[in-house]
Amino acid sequence: PRFDTMDAQGVCGGDLCLITSADLQWEGALAGGSFGDVRKARLKRTGERVAVKTYRGTDEEGVNVFREEARLLGTLHHFNITNVLGGHLDHTPTPHVVMEYYPRGTLHEVLHGQHSTTPNLRVSVRLALDIARS
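Computed from a predicted structure; not experimentally measured.

Undergrad: So what about the side chain of His96? Which residues, and what values?
TA: Along the chain, His96 turns up in strand β7 (residues 96-100). Given the relative accessible area of 0%, His96 is considered buried. A polar atom in the side chain of His96 sits 2.7 Å from the backbone oxygen of Ile19. Not counting residues within four places of it along the chain, the set of residues in contact with His96 comprises Ile19, Thr20, Ser21, Leu24, Val52, Lys53, Thr54, Phe66, Gly87, His88 and Leu89.

So this is what it looks like as structure tokens:
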């Protein structure tokens, strides 16, 4: 995918928007893993809430894997996959990917959290089929 800069309304001409840290208003941590952290932010130009995955490591091989993952995710468009809006994959200050934000939390939280319910067989089969199609 091609990264392009945003205009004043937050619209890009390329496949993905070039979104730097300066374009974001950081709001807090969402999740963390061995590869990186996911934080909540808003796009300053539009006020849209987004999730931002940042690479935590410093080794060049890990950065390259992160970049390839971001580029691959940027090409996928499916209703079961979070859309990548853009990002900044250089080392300044750290590579990151900007994705749509879903306020219900992570998939694990939705399935196992305090307010989750055990799905019946029909819902379980539908979820399994949706996952298989993805």
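Anyway, onward from the coordinates.
Undergrad: Explain a nonpolar patch on the surface residue by residue, including any values.
TA: Taken together, Leu121, Val125 and Leu129 make up a surface patch of nonpolar side chains, about 290 Å² in accessible area. Counting through the fold element by element, Val125 comes out in helix α3 (residues 121-133). Residue classification places Val125 among the partly exposed residues on the basis of a relative accessible area of 42%.

Undergrad: An account of the side chain of Thr54 is needed here, citing residue identities and associated values.
TA: By the element assignment, Thr54 lies in strand β5 (residues 49-55). On the basis of relative accessible area, Thr54 is assigned to the buried category, the value being 10%. Dropping the residues within four chain positions of it, Thr54 is found in contact with Phe35, Gly36, Asp37, Phe66, Thr94, Pro95 and His96.

Undergrad: Describe the nonpolar core, naming the residues involved and giving the relevant values.
TA: Counting residues in hydrophobic clusters, the biggest one holds nine residues: Leu16, Tyr55, Val63, Phe66, Ala70, Val84, Leu89, Val97 and Met99. Mapped by element, the contributors of at least two residues to this core are α1 (60-75) and β7. The element contributing the most residues to this core is α1, with three residues. Leaving out residues up to four positions away in the same chain, Val97 has contacts with Ala51, Val52, Lys53, Phe66, Ala70, Val84, Gly86, Gly87 and Leu89. The next biggest cluster of nonpolar side chains, apart from the first, holds eight residues, and it includes Cys17, Leu24, Ala41 and Leu43.

Undergrad: Go over the packing of aromatic side chains with me, naming the residues and quoting the values.
TA: Applying the stated rule across the entire model yields one aromatic pair. Their ring planes at 45 degrees and their centres at 5.7 Å tell us that Tyr55 and Phe66 sit as a pair that is tilted. Taken together, the residues Tyr55 in strand β5 and Phe66 in helix α1 connect sequence positions 11 residues apart. The buried category is assigned to Tyr55, whose relative accessible area is 6%. A cation over an aromatic ring shows up here: Arg39 above the ring of Trp26, its NZ or CZ 4.1 Å from the ring centre.

About the thresholds
Residues numbered from 1 in each chain as written. Predicted model: local features only at pLDDT ≥ 70, side-chain atom pairs only at ≥ 80, totals over all residues. Heavy atoms only, no water. Helix = DSSP H or I, 4+ residues; strand = E, 2+ residues; numbered from the N terminus. Buried < 20%, exposed > 50% of the residue type's maximum accessible area, 1.4 Å probe, protein only. Polar contact = N/O pair within 3.5 Å; in protein donor to acceptor, adjacent residues only side chain to side chain. Contact = heavy atoms within 4.5 Å. Patch = residues over 30% accessible without salt bridge, like charges linked within 9 Å, V, L, I, M, F, W, Y side chains within 5 Å. Areas by Shrake-Rupley, 256 points an atom, 1.4 Å probe, with all protein chains shown as cover. Salt bridge = Lys/Arg side-chain N within 4 Å of Asp/Glu carboxyl O. Core = buried A, V, L, I, M, F, W, Y, C linked by side-chain atoms within 4.5 Å. Phe/Tyr/Trp six-rings, centres within 6.5 Å; stacked < 30°, edge-to-face > 60°. Lys NZ or Arg CZ within 6 Å of the ring centre and 35° of its normal.

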